Amino acid sequence: DTADVASAAEAVFPDLSLLLPGSDLALPLPTPLHGSDAVLSTIREYLRDVPLCSASPSLAAVPTASDMCTGSAWACAAVSYRIEIDPSRQTPAGGERKKKGEGAPGAAAGGDGQLTTTEKDAKAAESSARAKIQRIIDDMPPFPVGTDVVPERGVVNFFDIACAAEGEEATEDGAEVADEQASQFPAILSSGHNPPRSNRRILGDLAYLEVVVPNEGTFCVTATPAGFYVNRSQYPAAVHHRAAANGTAAARGRNGGAGTGGGGVRFDARPTKGDNCFSHCLLGCILKRSAGVRNAWAKTLADSRARALASLSSDETPLRALLKVVRSGAVDSVVLRPSWLLPPHPANPNPPPDLNRHDDDPSVHNGMDLRGPPRDWNEELQSARDMPLTTPAERALRARLVHRVLTEFGEAAVGAVHAIVSGTVQPMNPTEPPRSHVYIYNGIFFSRAVDAVDTYKVATGDRAARKAASRDCGVVQLLHRMDRPGLHSLATCVIDHLGSRVVAQSIIPGILHGDHRRKLTYGAVEPGSRVVRTEEVHAMMEGIFGTELYVASRAVPVVPILRRDGAPPLEGAEEAAPADESDDAKTVVVCGPLEAKGIIGVDDRNYVLDVTRVTPRDANWIPAAAGGTGCWEKAEGERKTAPRQHVPESLQDDEWTMAVLRPELVSSYVNEDMARWVDQRKKTRAEARTALGEAPTPADTEALEKTFRAENEAHLRTLALNVNVFLDLPYVKTVEGIDDAAFAILKDDEARVKKISAHLFDDIVPTLTKDIRSSSGNLVPIDGTSLTQMLHSRGINCRYLGRLAILAQAEEEKDREAERAMNKAEPGDLPRRSLPLAWLETLEREMVARASNHVLDSYLSANNGSVALQPAITVAAFLSALTATGEESAAETDARLNGGGDGAATEAHVDLADLTVVGAGGGGTGVPGMTRSRAEMWRDLEAEVGRRFRYRLTLYGGAAPPSSRAPALPLLRRVSQRNGLRLVARDYAFARGGCRYADGAFPVSPADIVDVVPRMKHGAAATEGFLPCPPAGAPFSSTSLHVLLPDAKELLEAASLHWSSNRLERALALAQEASAAYQQVIGGILHSSVARCMDLISVILFQAQEHELAAHNAARSLSIAVQLGGFDCHEAVAAHSTLSHLLISSGDLGAGIRHMRCSLYLTELMAGPSYPELSNIYHKMGSIYHEVGQVLEALRFYQEALSRKPCDRMMESMIAKSTGLVLASMGQFKAALEIEKRAFHIYRFMLGEEHDLTKNSANSLKHFMKLAVEQGTRSAIEEKKRKEEAKADSNAQEIINDMVAEEDAKKKKKKKKSNRKKKWGGTGTGGAGGSSAAPGGAACRCVPLRAAACRPRRVR
């Protein structure tokens, strides 16, 4: 309302007595109020009461830089107004502004200064507005700025800040409460008398359980078909004490007299006399027997009820509920994807013993699925996929069963991999080398992704084998999302854990038992064998791979892959002759890669296996001599001056055999070519329609359209690509010299692939760099995950990170040259945007993180995998080498340990010898070796970066100097995520660190490594890449699986279309229906698809002016994003920003600012201090504080926004003008002048001197200069007057000092004269009369002397 505007305007107006006639006054007002009549009238009323202004000032709005800023609704618009100054109403210099009502006509009419009713109402409204603004200010929490947002090494408060609860005290220590409650519940153990003997078994005894109750003792329970009762067994007190102190072994009696059957224990399975506490459930029996358990159970139920009621209160948000669980230490029960940070260890390092923890130990069952009999995963999956799809209910049921089976398959595979890597599972082929071991566990077939001589692969080497396993799983993901009937794929997972890559697959029926009903229908199985092809399977392959994935059918040799041992091709190894081929045929036409094979199982289903690629090889990563594009050689030749250290000279590498083009790139190529072809055919088709006449018959029209469709399909088939190009490899046979026609087609296919690859290298990758530059930082990804998604969406592989970094370096050099030449350039030559510095930082950080995955795997695989048995030492040394700024010397280590260095570093140090035994076992190959130095680790990393990305690090590296562009926390976060590492959230002193084996690593010690979790790529995932799995013993949930429910997808797409058409009611209904459909399949809300629905619902409600409901749904969406991806995923950052916008729009500034603080903290933690969005957030915060009149806080944010160097110069000039306005309102005209010069400089060189913005900035400069000069003149006069007064005071003080000295001299002189008179009087008078008269006379003479001394003197 107008009262709020008036109070806000009065709070931010500068002193109007400093304005000159005809000057401009910049009034900061909220953008939504800009230009409204209410604002103009309110300002006129306000200025009318100012003695310096005329009664009817004319206000003319002048556009400013803020009018050109399109973006946040929080931005303040600096609107300039022309004010007519009335000299006749000026007050004397130094006079104060009149109060409202003084000298006004209304006041005179009221008599005696009394206010009229209208003025009283205005006063009340103004007071209410001021109180409202003050309440808003009081509710706004403190907001750190600069380095205080993300301390250089601090993540100790990570969870509090990420949950918008910074500075709030926890009501209770959840971990201690949980430990206390756990210590009050009994431990239920199996008795040593199980199983029951025959005489008791025939009486119905099923089992005997020993129940250990703290502070009450042990009793035994007999389980019968009817229920449970307490038997007559007796346990002495010593057994109770030992059971509680020693745990399971003592209670079970494994050590003789300490357990059942010894040490005075008397076992008697008969019911106790009297009350035997019989109950149909075990809990009821225990509650009847133990008073302590009854009390603990009642307290637990009461606490649960209190938590449930608290969660229903209005103050409780979903995020705060998650924080309570996190504070209790149960992070893994909240975040389904393991977080790389965990809360600090509890204060009590020795929690009370819990005998029930033995039941949760995964080593007890070694990853075995205990939910029932061994499962046939393949049959469950294929049966679910074969369910009918007629009605929506049937489709929903099918999708639910498929999702459940695949989720449980992933859980069983992860548990089995834990057991396989730890060596507790017996392989099927124990006589072969460990790297060749295969396993069948939990009904799943496991094998390591390593190179083997007898495998049917085109690539050789372990690196290529690892890449092939990942590619195969990626193709399974494509087939799962396509969901085409007739062609079946296996349930597949690829899991990385402690240096090993394990492939988990369901088992084809009959393939392991040699059942004759199983047969090969496509491809080959062993090297040197003939390719098999049946027409039925070939037609199916062409229908799926050829039509939808643009894979061409091409002729290949009958024996395309040779045996590596040099033996001739196997005779009779094929299971069926190639269809339509004679015995002497030399080629066979296939659709798909050479390694692909089709098998019909004993269940008569067609299975496709080993489809390692559906796109051709990338010709950019093939040496030019071998037929590649030569783009890398050309680009590196142009950069001859650049150092080539760690970058290989040649592209020859086994891993690049599996370097293929992205499917998105192939689809883009096909769509562009098809669009051009259709445009070229428009004229011909128009002529054909004209030839039919003015009134063609429907049959002629249909025939013509059918011809057009046939032409389109025929041209589309010509765009299919051959996936078997550039396979001139040692053990691969091509059609050269076998079939000349097929060889000519192969060369044409290779030429097309080279053209696409060159287009990717020369056009698509540079276009992305240009888009990043021209987007003002909006496209810069916040972390490696979002970077990967952005590259893949454009068809760019992550191996082009080095190419992008090289282009970014060139663009940054151009920006530096533009800055240096700014003073020499002509006005209008300065570009508006520069490349964000965070772009190169993010690229290098992601390259280091991806290289660290391979380097650390090689370290953990050393010494026959013995390092993986205690990986904390190696992992801590590796992380310390990455985050430390240099190698720590022995003297620096001693100084740090003795407390001479950083206090936090000294406190965080943990001696390795205090944690475990090190250096034992000698120097054999079966024990972990010595850790490497920092220089050696960085050398390995830089070599891997150079080989993998053909790039030399400039910001990071062992020899790189410490720089603000290479922050340690974002790198530590990304490396931990890429390797499945979990660390303690504490303050890390990222300084010079050591990696010595004996003393432990610094700044990351082995005690900081909490766990190393597996990372899994699921064959049914909705997104690509490896994701961390829950640790052993934690609940498993595959939240990223693709939901096979097209109905829900169509509903969500329809809701988006209605929303874009502003049909909000229909869009809201469809979005809610889509969310319900997804939840019906998933069985909950924790899925990325549900989160998308919630986001859309929030946006729709916000546009419908339902701000509270929109904020509520946004809070739920934020909670889902946190539980799915963690507290610091990029989805959570976006959800924090959305929620803060909704809260601030609804008037809840306090909560909105807290979530904006979360967004700021997480953004800087993930992307570093150079991320461009940080400047925008600071400017938004400054605008908010400026709007409520907090100019000092606004100035802090504006200055911080300028220090972050925005990549958009228009944004920089706007922030500079906002800063100048704040400084001017504070009376700091000289500082405002300097900051306005910065905006004028940008406008002049970017827009030219004749642009309106440049002229407006020049006028502001003149205005600030006048005010600064006047302020300086007044300051000079005041300074001169102050100096004169100081000089006068100094002279007066000198005179006073002289007077005091003169008086002191006179006193001394009189004292001497008095002493002489006393001496003469005593010697010249005799007798008693003389002696008595002298004192009296002396006294009489002293009185006038004292009076004279005290008489004031006249000072000349």
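Rules used throughout
Throughout, residues of each chain are indexed from 1 in the direction in which the sequence is written. Side-chain atom pairs in this predicted model are given and counted only at pLDDT of 80 or more, local residue features only at pLDDT of at least 70, and totals for whole chains, interfaces and linings cover all residues. Working from all heavy atoms in the structure, the side-chain values ignore hydrogens and water. The helix and strand labels rest on DSSP assignments: H or I over at least four residues marks a helix, E over at least two residues marks a strand, and numbering proceeds from the N terminus. With a 1.4 Å probe rolled over the protein chains alone, any residue whose accessible area is under 20% of its type maximum counts as buried; one over 50% counts as exposed, and the rest are partly exposed. Only buried Ala, Val, Leu, Ile, Met, Phe, Trp, Tyr and Cys residues count toward a nonpolar core, and they belong to the same one when joined by side-chain atoms within 4.5 Å. Contact criterion: two residues are considered in contact whenever any of their non-hydrogen atoms come within 4.5 Å of each other. By this rule, a helix spans an expected 1.5 Å times one less than how many residues it contains. By construction, the arc corresponds to the directions joining the helix axis to the C-beta atoms. Lines fitted to the C-alpha atoms define the axes, with helices restricted to the stretch that makes contact. Angles between their N-to-C directions range from 0 to 180 degrees. An angle counts as roughly parallel when it lies under 35 degrees, as roughly antiparallel when it exceeds 145, as roughly perpendicular when it falls between 65 and 115, and as oblique in every other case. Lys, Arg, Asp and Glu make up the charged group, whereas Ala, Val, Leu, Ile, Met, Phe, Trp, Tyr, Cys and Pro make up the nonpolar group; the residues left over, Gly among them, are polar. A pair is scored as a salt bridge if a Lys or Arg side-chain nitrogen falls within 4 Å of a carboxyl oxygen belonging to Asp or Glu. Two strands pair under a simple rule: DSSP has to find at least two bridges between them.

*Asks:* How would you explain unusual backbone geometry if you had to name every residue and give the values?
*Replies:* Going from Asn194 to Pro195, the amide bond is cis rather than trans, its omega being -10°. Looking at the secondary structure, you find Pro195 in the loop between strand 3 (187-190) and helix 7 (198-201). If you check the backbone angles, Asp483 has positive phi at about 55° while not being a glycine. Looking at the element boundaries, Asp483 is found in the loop between helix 16 (462-482) and strand 10 (492-497). Residue Asp483 is classed as partly exposed on the basis of its relative accessible area of 28%. Of note in this structure, Arg950 is not a glycine but carries a positive phi near 55°. Note on placement: Arg950 falls in the loop between helix 30 (934-949) and helix 31 (968-979). Accessibility expressed as a relative area gives 4% for Arg950, which makes it buried.

*Asks:* Any chance you could break down the nonpolar core for me, citing the residues and the numbers?
*Replies:* Formed by 192 residues in total, the largest nonpolar core has its most connected members in Trp839, Phe878 and Leu879. At twelve residues, the largest contribution of residues to this core is made by helix 24 (residues 837-860). When near neighbours in sequence (up to four residues on either side) are disregarded, Leu879 contacts Leu972, Val975, Leu981, Leu983, Val1004 and Ile1009. Membership of the second largest hydrophobic core comes to 31 residues, among which are Leu478, Ile544, Val556 and Ile561.

*Asks:* An account of helix 20 (residues 698-718) is needed here, citing residue identities and associated values.
*Replies:* With 21 residues, helix 20 extends 30 Å from end C-alpha to end C-alpha; this agrees with the ideal 30 Å at 1.5 Å per step. Along helix 20, the residues that are buried comprise Leu704, Phe708 and His715. The buried residues of helix 20 occupy an angular sector of 40° when the element is viewed end-on, so they sit on one face. For helix 20, the exposed residues lying more than 90 degrees away from the buried face are Pro698, Ala699, Lys706 and Arg717. Elements in contact with the buried residues of helix 20: helix 19 (663-691).

*Asks:* I'd like a rundown of the packing of helix 16 against helix 17 (residues 535-548), residues and numbers included.
*Replies:* Closest axis-to-axis distance for the helix 16/helix 17 pair is 13 Å, and the angle between their directions is 100°. By the angle between their directions, the pair helix 16 and helix 17 is classed as roughly perpendicular. On helix 17, the residues that touch Val475, Leu479 and Met482 of helix 16 are Ile544, Phe545 and Glu548. Classifying every residue of the contact of helix 16 with helix 17 by side-chain character gives five nonpolar, no polar and one charged.

*Asks:* For the pattern of salt bridges, give the residues involved together with the corresponding values.
*Replies:* Under the counting rule described, the total for this entry stands at 63 salt bridges. Notably, a salt bridge pairs Arg681 with Glu711, separated by 2.8 Å at the nearest N-O pair. Taken together, the positions of Arg681 in helix 19 and Glu711 in helix 20 put the pair 30 residues apart, joining distant regions of the chain. Linking Arg948 and Glu944 is a salt bridge whose minimum nitrogen-to-oxygen distance equals 3.0 Å. Residue Arg948 and its partner Glu944 are located together in helix 30, separated by four residues, close to a single helical turn. Residue Arg948 shares its accessibility class with Glu944, and that shared class is buried. What you see here is one network of salt bridges that share partners, running through Arg463, Asp653, Glu655, Glu944, Arg947 and Arg948.

*Asks:* Describe the pairing of strand 5 (residues 217-223), naming the residues involved and giving the relevant values.
*Replies:* Taking burial as the measure, the seven residues of strand 5 include seven buried ones, the bulk of the element. Because side chains alternate across strand 5, one face comprises the buried residues Gly217, Phe219, Val221 and Ala223, and the other comprises Thr218, Cys220 and Thr222, equally buried. By the bridge criterion, seven bridges tie strand 4 (residues 207-213) to strand 5 in an arrangement that is antiparallel. Across the sheet, Tyr208 pairs through a bridge with Thr222, a residue of strand 5. Where strand 4 folds back on strand 5, the antiparallel hairpin that results is connected by three residues, among which Asn215 adopts a positive phi of roughly 65°.

*Asks:* Tell me about the sheet that holds strand 13 (residues 532-533), residues and numbers included.
*Replies:* Strand order in this open sheet of four strands is 13-12-16-17, and the pairing throughout is antiparallel. Looking at strand neighbours, the two that pair on one side only are strand 13 and strand 17 (606-609), the edges of this open sheet. Pairing geometry for strand 12 (residues 519-523) and strand 16 (residues 597-600), over three bridges, is antiparallel. Looking across to strand 16, one finds that Lys519 is bridged to Ile600.

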